[in-house]
Amino acid sequence: MTTQPVSGFSRHQAAFAGGIHPEDHKALTSEQPIRTLALPELLLLPLAQRFGAPLETLVSVDQEVAMGQLLATSSDLRSVPVHAPASGRIVAIDGKPGSQQISLKAEDNRRWGESPLTGNPFTLESDTIIQRIRSAGIVGLGGAAFPTALKVASARSKHCDLLLLNGGECEPYLTCDDRLMREYAAEIVAGARLLARAAAINQVVIAVEDNKAEALSALREAASAAAEVRVAMVPSLYPMGSERHLIHTVSGRLVPPGGLSLDVGVLVQNVATARAVYHAVRFGRPLIDRVITISGGAISQPANLRVPLGVRISELISACGGLRADAARLVNGGPMMGQVISNPHQPISKSTSGILALTQAEVQSGDSAACIRCGRCVAACPMSLLPLTMHATARAGDLDGARAAGLDHCLMCGACAYVCPSHLPLTGVFRAARATHTANQQELKRQERARLQAQMKKERLLREALAREAAKAAAAAAKPARSSRRGAVAAVADTAETVSPASASEGES
Amino acid sequence: MIRFDPISGPHSHSGLSTRQVMVAVMLALLPATLFALALFGLPALTTFAACCCGAISAELLGCKLRGQSLRQAGDGSALLTGWLLALSLPPSCPPVIAALGGAFGVLLAKQVYGGLGHNLFNPAMAARVMLLISFPVAMTQWPAPDTAFAHWLLSEAPYLTVDGLTGATPLAHDAAIASAPAASQWPLLLGVHGGSLGETSALLLGLGGLWLVIRRQIPTDLPVAVLIGALLPAAIAHLLAPTDYPSPLFELASGGLMLCAFFISTDPVTSPVTSKGRWIYGLGTGLLIWLIRRYGNTPEGVAFAVLLMNALTPLIDHWMPMRPFGSSALPRQKT
């Protein structure tokens, strides 16, 4: 990708309005072949995942485990199992409930514990493929971390007709997908065909940005034998990797706001996920490693590394020659959508695609000034929203105003903040505003539940009082009538009244 | 040092700053400004300096009164306001009046609203209108270009001027010019004639504006819309009644139309933020300029047209529907 002139109102040929051309910094690592990281001594495997219930451990402390052995699983389909990335010994299972992790003292990662599957995977039933994807613990490796088996199964039930492999990698700095496509094109194509088979789709498009010529030619060669697989070149434009934008660019289909790609018949998967699927289905191998780009101006030797899951970020950095003195910020992911790393001793997850150490010059975090309403954010927004209005309203606490300007549809891609000449922390404000809105909604739901419960309790008490009264009346009918009974019923009804207003007012506060 | 603050992404930036935006506009104004200063000499220079000084002093005062850092005055916006005001004034304007205008524009049309980004009206144009109403005589006297440079230019290239028009702003004489053959109107573009500082060289202003467009510092749609809005009705009227209405070329080359199209209507603060909104705003501004010139009481209509459209900007922004990407896939909803 060529560097554009100082960004302003962009005028590029593209399939969608907006988008930006950030400086890509990919040359730092794009010519670095994937190296395998020497096995670290300690691997940390968290049991809580982004989706679904926390896992239950199947192993105990001091137990010897084999590479690829199942360590923890759950019956919840939205969580995926965790396997041992290396053979070794479990040294601890600790942490608070809900955020537990397994600590594995790794010894060897050259021999698989189980005998590999054999046979032609392309004759397998769809259900078998999905089952193997699920038991391999595969999630979307592009960053979403959504369980792949679940997505494929729902693509099948929704009768999707297009599998789109996302090789966009539009985030600056990251080149791990690029390297994978260059070095493992055949495995990616095979994985794509297996995914298509599992989802009963007979049309596959692998979309790659036009700044990755070598990846394109490698994939084209690998796909030449497969009639159903087409390799498409898309313009390099951020955020081309966004599902709805890639879908529109490749197929012309529009995902309605609030809708999913599956709604328009497209199953989108990352190229690295496809490769993992190939290994899971062909060889029965669980997902225990991934390729990560370690880059940034403050990394001494930027690289693309194949690393076992559970390796700590600090060890990745030291494997790349350590940090330079001018390191200003550590980022998990790409510079546009990545998160600041608060603790470098935490492990990477399945969805970590990059670790960046950026210098102050790269971050360019200027002090923010007043919005001058220049509209660059509006021109840059790939969702055609009004970032400046969202920002002004959210800052003023007007969440409804922010939602009217598009808060619900924001991708948090950061294009607006990237071009803002006033250096406003637009994306940060949107994140906070959306979190507040979600919390408000949950609070409203909770209050509604409380109100319903109070009402039901009131009705139940009344019902019980009436039943008691009826019973007493029946008893009284047998005996001579006494006038004081009626007073007792009124007292019970009063109790019900005094209970409910308190609960109701709590519900409304 | 590594910072572990809970900072949100993006962890990268284009590097563009508000100051750079302002500086780019000033660079684009520079050729036309230097040309005008060379034509009109010392009085023009004092007018220009007085405007800028007035504007910056008012900015400093405003920041101080609002309890803001005085460094805010260094963002270039006040200087640009003073600069644009100076270009809209006659070169003979007394420095006191010019300084008053600069100070008024920044203090009462910008700082009282809350500073940069919060003003409803273009500060330079608000100041220009205030001066026109308060000092009508000083604001409507245009001396002929009378420096050594102007004389040299005229003697070397007499074709650069329009006959008999070295005096007042050509807009005051449009009836005479309208009847003149079109070929003799070309020199207006180059601007060796009387008029406000920024009226002199439409050509240099246009080139500066074009540079801004190419550098993507200003949106393309605004200048195009302003020019269409003013020149289309001018062309139609000229075709229907050539003796009553001057040609579009004359409209383009005289007065502040070029300055307005590229530098005044493109003030980000007071123009709409969406492309559609900018088209409405630009077409409206252009049309109003032409209407005021042809049917109004003042020879020039740029300032009034811009202020009128400024007042509409919040409405235009409010009316522009926000349609997220993919909305056209939804069935049209009745609201």
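Residues numbered from 1 in each chain as written. Chains lettered and ligands numbered in written order. Predicted model: local features only at pLDDT ≥ 70, side-chain atom pairs only at ≥ 80, totals over all residues. Heavy atoms only, no water.

Undergrad: Help me out: how do you make sense of the overall build of chain B in this one?
TA: Assigned secondary structure in chain B consists of 14 helices and zero strands. For chain B, the sequential pattern of α-helices and β-strands runs α-α-α-α-α-α-α-α-α-α-α-α-α-α. Out of the 335 residues belonging to chain B, those deemed buried represent 58%. For chain B, the share of sequence-separated contacts (at least 6 apart) that also reach a separation of at least 24 residues comes to 77%. With the model as given, the accessible surface of chain B reaches about 14,100 Å², and the carbon-plus-sulfur share is 70%. (Helix = DSSP H or I, 4+ residues; strand = E, 2+ residues; numbered from the N terminus. Buried < 20%, exposed > 50% of the residue type's maximum accessible area, 1.4 Å probe, protein only. Contact = heavy atoms within 4.5 Å. Areas by Shrake-Rupley, 256 points an atom, 1.4 Å probe, with all protein chains shown as cover.)

Undergrad: Looking at this model, I keep getting lost on the interface of chain A and chain B. Mind explaining?
TA: Where the parts come together, the accessible area they lose is often given as the size of the interface. If you look at the interface, chain A gives 65 residues, while chain B gives 45 residues. Together chain A and chain B conceal approximately 4,600 Å² of surface at their shared face, both sides included; 58% is due to carbon and sulfur atoms. Linking chain A to chain B there are one salt bridge. In this structure, the salt-bridge partner of B:Asp317 is A:Arg373, at a minimum N-O distance of 3.0 Å. Viewed at the interface, chain B and chain A are joined by 17 residue pairs in polar contact (both at pLDDT 80 or more). Secondary-structure elements contributing two or more residues to the side of chain A that touches chain B are helix 6 (243–251), strand 15 (327–332), strand 16 (339–340), helix 9 (360–363), helix 10 (376–380), helix 13 (415–419) and helix 14 (426–478) of chain A. Broken down by element, the residue count for the side of chain A that touches chain B peaks at five residues, all from strand 15 of chain A. For the side of chain A that touches chain B, the residue count by class is 38 nonpolar, 20 polar and seven charged. (Buried area = accessible area lost by both parts, 1.4 Å probe. Salt bridge = Lys/Arg side-chain N within 4 Å of Asp/Glu carboxyl O. Polar contact = N/O pair within 3.5 Å; in protein donor to acceptor, adjacent residues only side chain to side chain. Nonpolar A, V, L, I, M, F, W, Y, C, P; charged D, E, K, R; others polar.)

Undergrad: Help me understand the packing of aromatic side chains in this model?
TA: Two descriptors summarise a pair of aromatic rings, namely the distance from one centre to the other and the angle between the planes of the rings. According to the stated counting rule, one finds seven aromatic pairs over all chains in the structure shown. On the basis of an interplanar angle of 85 degrees and a centroid distance of 5.8 Å, the ring pair of A:Tyr278 and A:Phe283 is categorised as edge-to-face. Take A:Tyr278: its relative accessible area is 15%, and that puts it in the buried class. Here A:Phe283 falls in the partly exposed class, since its relative accessible area comes to 23%. Taking 6.4 Å as the distance between ring centres and 65 degrees as the angle between the ring planes, the aromatic pair formed by B:Tyr245 and B:Tyr295 counts as edge-to-face. Of this pair, B:Tyr245 sits in the loop between helix 10 (221–240) and helix 11 (248–253) while B:Tyr295 sits in helix 13 (residues 275–295), and the two are 50 residues apart along the sequence. Given the relative accessible area of 18%, B:Tyr245 is considered buried. Ring-pair connections join several aromatic residues into one group, and the members of that group are B:Tyr245, B:Trp290 and B:Tyr295. One cation-aromatic arrangement involves A:Arg193 over A:Phe122; the distance from NZ or CZ to the ring centre is 4.2 Å. One residue, A:Arg275, lies across the ring of A:Tyr184, its end atom 3.9 Å from the ring centre. (Phe/Tyr/Trp six-rings, centres within 6.5 Å; stacked < 30°, edge-to-face > 60°. Lys NZ or Arg CZ within 6 Å of the ring centre and 35° of its normal.)

Undergrad: Help me understand the confidence of the model for chain A, please; the structure alone is not making it clear to me.
TA: Should the pLDDT be low somewhere, the predicted coordinates at that spot are not to be read in detail. All names here are of chain A. Residues of chain A with pLDDT of at least 70 account for 90%, and the chain-wide mean is 87. The model gives residues 1–8 a pLDDT under 50, and that stretch makes 17 contacts with residues more than four places away or in other chains. Here residues 496–509 is modelled with pLDDT under 50, and outside its nearest four sequence neighbours on either side it reaches eight contacts, counting other chains as well. (pLDDT = per-residue confidence, 0-100.)

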